[in-house]
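# Per-entry structural report
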Amino acid sequence: MAKTQIETRDTFELAHFRFGQFDAKGREFGAQVQTCETTFRDMTPEEMQRSSYSYSTTPAGHYFTVTVQAQRGGINWGASQPAQHFKTLEERQQYIDRRLADMRKRTMRAVS
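Residues numbered from 1 in each chain as written. Predicted model: local features only at pLDDT ≥ 70, side-chain atom pairs only at ≥ 80, totals over all residues. Heavy atoms only, no water.

## Points about the overall build of the protein chain
Secondary structure assignment for the protein chain yields 2 helices and 5 strands. Tracing the protein chain from N to C terminus, the helices and strands come up as β-β-α-β-β-β-α. A compact globule built from 112 residues would reach a C-alpha radius of gyration of about 13 Å, whereas the protein chain, at 17 Å, exceeds it by more than 25%. Counting only C-alpha atoms, the protein chain reaches 55 × 30 × 25 Å along its principal axes. Long-range contacts, defined here as pairs at least 24 residues apart, represent 61% of the contacts in the protein chain between residues at least 6 apart. Accessible surface, the protein chain as shown: approximately 7300 Å² in total, 50% of it carbon and sulfur. Within the protein chain, one finds 16 positive and 13 negative side-chain charges whose respective centroids are separated by 10 Å. (Helix = DSSP H or I, 4+ residues; strand = E, 2+ residues; numbered from the N terminus. Rg over C-alpha atoms; globule rule 2.2 N^0.38 Å. Contact = heavy atoms within 4.5 Å. Areas by Shrake-Rupley, 256 points an atom, 1.4 Å probe, with all protein chains shown as cover. Lys, Arg positive; Asp, Glu negative; His and termini not counted. Charge placed at Lys NZ, Arg CZ, Asp CG, Glu CD.)

This is how it looks when you write it as structure tokens:
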């Protein structure tokens, strides 16, 4: 398995979604979606000789990246979620749509 590092990360966008459901303290459930474009490159043997380094196992290339984080009352809530990388914008958008739909369903169950 090749080790890669992020070479560039740009075109950041941030969006907030409100679900219209509230907890007992009146905080609205929602989500924060951060998108960007990420380019990974293969690490050199010299870089892997360092005593400490961070790396990814994502294959080298250009990706459309997204991180979806649950929010409550407009503040990040719950466990942090890892970034997901996709080869096309369409794949990334399908993932975002699916995650938001799943989060809305969980919120409905939690407040019912």
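## Thoughts on helix 2 (residues 89–111)
Along its 23 residues, helix 2 runs 33 Å from first to last C-alpha, staying within 8% of the 33 Å computed at 1.5 Å per residue. The set of residues buried in helix 2 consists of Arg92, Tyr95, Ile96, Arg99, Leu100, Met103 and Thr107. On its buried side, helix 2 packs onto strand 1 (4–22), strand 2 (28–42), strand 3 (61–72) and strand 5 (84–86). (Expected span 1.5 Å × (residues − 1). Buried < 20%, exposed > 50% of the residue type's maximum accessible area, 1.4 Å probe, protein only.)

## A short note on the packing of aromatic side chains
Evaluated as defined, the whole model comprises 3 aromatic pairs. Between Phe40 and Tyr63, the ring centres sit 5.8 Å apart and the planes meet at 80°, which makes this aromatic pair edge-to-face. Of this pair, Phe40 sits in strand 2 while Tyr63 sits in strand 3, and the two are 23 residues apart along the sequence. Tyr63 carries the same exposure label as Phe40, and that label is buried. Geometry around Tyr55 places Lys3 over its ring, the cationic atom sitting 4.5 Å from the centre. Directly above the aromatic system of Tyr63 lies the positively charged group of Lys87, at a separation of 4.3 Å from the ring centroid. (Phe/Tyr/Trp six-rings, centres within 6.5 Å; stacked < 30°, edge-to-face > 60°. Lys NZ or Arg CZ within 6 Å of the ring centre and 35° of its normal.)

The values are spatial; any link to function lies outside them.
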